[in-house]
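Spelled out from the first residue to the last, the chains are:
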Amino acid sequence: MNLLLQFLVDSILLGGLYTLMAIGFSLSFGVTRIINFAHGEFIMLGAYGAFWLFKIWGVDPLIAMPAIIVLGFATGWLVFNSLIKRVLAAPNINQILLTFGIGLVIQHIAVILWSGNSRSTTPEYALQALTLGEVFIPYGRLIGCAVAVALVALLIAWLKITEGGRAVRAVAQDEDAATLMGINVKAIYALSFAISSALGVATGVVVSFIITVTPFMGFPMLVKAVAIVIVGGLGSIFGMALGAFILAFTETAFAYYVPEGSGWSEGVAFVLIMVILIIRPHGLRGQAEA
Amino acid sequence: MRLDSLLRYAGFILAFAVLAIPFLGLPGLADIVFRTCTLAIIAISWNMMAGAGLISLGHSGFWGIGAYTAALCANHLGIAFLPSLFCGLISGALIGVGLALVTGRLRGIYFAIATLAMSEGFRIIAIMLPDLTGGAQGEYLKSTLFPGTQFVYIVASCGAVCAAAVSWLVSRSRYHYAFRAMRANEQAAQMVGINPMRYRLTIMALSGALASFAGAINVWNGGYLDPNVAFNLHTTLMAQIAPILGGIYTIAGPILGALAAMGLGEGTRLWLGQIEGVSLLIFGVTLVACVLYLPKGIYGGLERYYASRMRPVYGNRADLKDPKP
Amino acid sequence: MSELLALSNIHAGYGDSTVLQDLSITVNTGELVCLIGANGAGKSTTTRVLTGLLKPWQGEVRFEGSSIDNIEAHDRVNLGISLAPEGRRVFPSLSVNENLLLGSYAPRARSMRNSTLSEMYDLFPKLSLRRNQQAGSMSGGEQQMLAIARALMARPKLLVLDEPSLGLAPKIIIDVYQAIVQTAKQGVSILFVEQNVHAALSIAHRGYVLANGHITLAGSAAELRESKTVQESFLAPRRKRPEEALLGNKQITQAHNEVLK
């Protein structure tokens, strides 16, 4: 029974984190229809940003977060307008290879600058835990999850209430119709990509005190984000959150209940991708557009 | 001389050189040629699938399967060098067929993601089944079956020449039109009577076989295999960079690209030393630069150069109207 | 009455296929002008050219006397051109209200948003009932009302409607057309494109007949109704040769071209 409770707690906390990770990615994919294979590297940059600020000036990651988010937004904007904008009309293959290449470049700049060694930020709370009965709740994960949920809620509110958010939702559904409303679709693309990058670096800041930080941490996270978006379907935030929790629960279940499960749990994302692509390419709650 | 004639002559000379070099007794050069050959094979393989509109992000999957099949056949079944290569080839073809069946009608980005899932899935399976594959610690090839470095190099060179020949044959066959139509618009192709499934099966089996062959022969050269080496993302990257650099969708492209990529890699190593991450950084920048500025690669550059050299016989005449309406 | 919109000698198409050939149309202020033609004649291409979604190869689009060829599609809305596109194209997962708010995204319209919104709900009471309903879950007729209302939220000088009657039951077509006439009464100039020639000529002042990318006939609605060509082409049944149906299919032609290249 205790194991079950612990399992539930771990899964839920992980699910919150995964939701943040995926929503950043799905925003840019949902609006521009380009898969940003460099999204993992933005997460990595956020984590390194938090790490260096912590190491050199002792700044707590959560305090550093707003500044890092702004930097992430600016970087995303720059990358989109200087590079990605040029392949908007190009065949799929060019878009895929471009973002792949950008990710590669960022990853290896990080390797050269910061070496491949593992890092971690270690603010006070990351080392402590709450114990409720027999359930062990690490503060790091708890706070990480709370921050993640707060950011997701902020994004959802922005999308729902503001003019810009509405424009983004319109472009995601029908670009031509959005243009007819007077919306500059390319500018919305840039905005979505920038916000997506901002959320990506925020994810990095949050995980910097939960998992180890290396230049190679981005790719597995990208794969999970892709899996979540495919499971949950494009165009539905609820579906995406559902996908995030499904992935979190399945991975945790493997780690807990399957012998040597933590190794296999890395593969869960890939299996989910294959399964959903075969059975229902538009995901659980996505639109019919495949 | 026209471009395609030039390339044809160059191709013959290159084939001759590649087959001859292993006999010259220059181990450094022969090693570079070997790596260029295996890169050329997997580049040709990737290019074939791309030519049918199927973007593979999981080519390292084929490479690794070929490597593991060859290694396991040799170690556990005592199969000799050449037959093990053949087993690797067949395993690649089977995986290709499997991939075609599993992905069904998936196109574009979703197909690409599926291939990524496939190769990473293989990697994890290889790690998690140590009894079969030696797990994360890896497996060494039994030295008793090793046929000698020179023989391995010769077979690799033959393989590269054959791969080039195969890609040339495919481009000359009636399959070529089907692939081009599928690349443009698979739905429309179906409407003119092209059955996408049949062509997908063919091209993925062929492509898979070639890529697995490259992986198989590579493991004989290296003598060691582990899941991260076998299913390395780096392999997939090089399999893409070479055709893009050389000229995607062309026959000469993957070969030119393999030469250029190898040159770039070696040049970086000599010039910048062994700083970790530099060569991959350069490759990443090359990839980005190619996509943005040289989408048709070196071949495209050659085409343009040749076109600019061929001026109309009468020069620029005002009465020669622009044919576009 | 002055010239509001003028398309002059427009040549336009997609890729290698020409759709519009030497097309010239004008709409004057206060007019209701229709552009009628069969499927594939080029009606939607015309609306795409005038809203800027498609750049013509040759020709000029003038609005209120000046050329707007260099003005991007999303900026044309602010000038006063608003389109209710073919197939309605409402934003399916957004509510009726959100769709309308988006209609007034352009700066000129945004300042008057609240008053325009209540005007629209008065003009289209059915929409008022469904304000918070998802647009995608409404019937065809309701979506058409929404598309028109949404286009009107931009406070246009020229309202363009692309096949407002398509796929709608006759009774609903009457409702839609009544709304169109109401809008015209309030001073909005209207250009609408239609296959349903009966309906179109019943409310328009003037019309053009579009066939295979050419204007083949132009005149007042009365003149067009009397014309033999119009009667034979549109108002009477006509047997079509089988090949004609296939050649109109763009996908087949494209695949055909690809295989031959």
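Above this text sits the structure in question.
Remember, predicted model here, so these are calculated numbers, not experimental data.

What counts, and at which threshold
Residues numbered from 1 in each chain as written. Chains lettered and ligands numbered in written order. Predicted model: local features only at pLDDT ≥ 70, side-chain atom pairs only at ≥ 80, totals over all residues. Core = buried A, V, L, I, M, F, W, Y, C linked by C-beta atoms within 7 Å. Buried ≥ 20, exposed ≤ 12 C-beta atoms within 10 Å, placed from the backbone. Helix = DSSP H or I, 4+ residues; strand = E, 2+ residues; numbered from the N terminus. Contact = placed C-beta atoms within 7 Å. Nonpolar A, V, L, I, M, F, W, Y, C, P; charged D, E, K, R; others polar. Pairing = 2+ DSSP bridges. Axes fitted to C-alpha atoms, helices over the stretch in contact; angles between N-to-C directions.

Describing the nonpolar core
Point 1. Core analysis: the biggest nonpolar cluster contains 285 residues, and Leu247 and Ile273 of chain A have the highest contact counts within it.
Point 2. Sort the elements by how many residues they give to this core and helix α8 (residues 185-207) of chain A lands first, with 15 residues.
Point 3. Apart from residues no more than four positions distant in its own chain, Ile273 of chain A is found in contact with Val226, Ala227 and Ile230 of chain A together with Ile113, Ala114 and Ala117 of chain B.

Some points on the interface of chain A and chain B
Point 1. With 34 residues of chain A at the contact, the number on the chain B side is 33 residues.
Point 2. Mapped onto the side of chain A that touches chain B, the elements with two or more residues apiece are α4 (92-114), α9 (218-232) and α11 (261-279) of chain A.
Point 3. For the side of chain A that touches chain B, a count of residues per class yields 24 nonpolar, seven polar and three charged.

Here we look at the interface of chain C and chain A
Point 1. Facing 20 residues of chain C, the contacting portion of chain A comprises 15 residues.
Point 2. Put simply, the parts of the chain that give the side of chain C that touches chain A at least two residues each are α2 (73-79) and α3 (96-103) of chain C.
Point 3. For the side of chain C that touches chain A, the class distribution of residues is 13 nonpolar, five polar and two charged.

Some details on the sheet that holds strand β1 (residues 3-14) of chain C
Residue and element names in this part refer to chain C.
Point 1. A sheet is described by the order of its strands in space; here four strands give the open sequence β2-β1-β4-β5, paired in antiparallel fashion. Each edge of the sheet is formed by a strand with only one pairing partner; in this case those strands are β2 (17-28) and β5 (66-67).
Point 2. Two strands pair when backbone bridges link them, and β1 and strand β4 (residues 58-63) are joined in this way by five bridges, in the antiparallel orientation. Residue pairing for β4: Leu5 is matched across the bridge by Phe63.
Point 3. The strands touched by helix α1 (residues 43-51) within the sheet are β1, β2 and β4, with β1 carrying the most contacts at an inclination of about 115°.

Considerations on the environment of Val161 of chain B
Point 1. Inspection of the secondary structure puts Val161 of chain B in helix α7 (residues 149-172).
Point 2. Residues in contact with Val161 of chain B, not counting those within four places in the same chain, are Ala15, Val18 and Leu19 of chain B.

Section: the sheet that holds strand β9 (residues 206-211) of chain C
Residues and elements named next belong to chain C.
Point 1. Strand order in the open sheet made by the six strands is β6-β7-β8-β3-β9-β10, with mixed pairing throughout. Both outer strands of the open sheet, β6 (81-84) and β10 (214-220), are each paired with one neighbouring strand and no more. Taken pair by pair, the neighbouring strands of this sheet meet at an average axis angle of 15°, ignoring direction.
Point 2. With five bridges connecting them, strand β3 (residues 32-37) and strand β8 (residues 189-194) associate as parallel partners. Paired with Leu32 across the strands is Ile190, a residue of β8.

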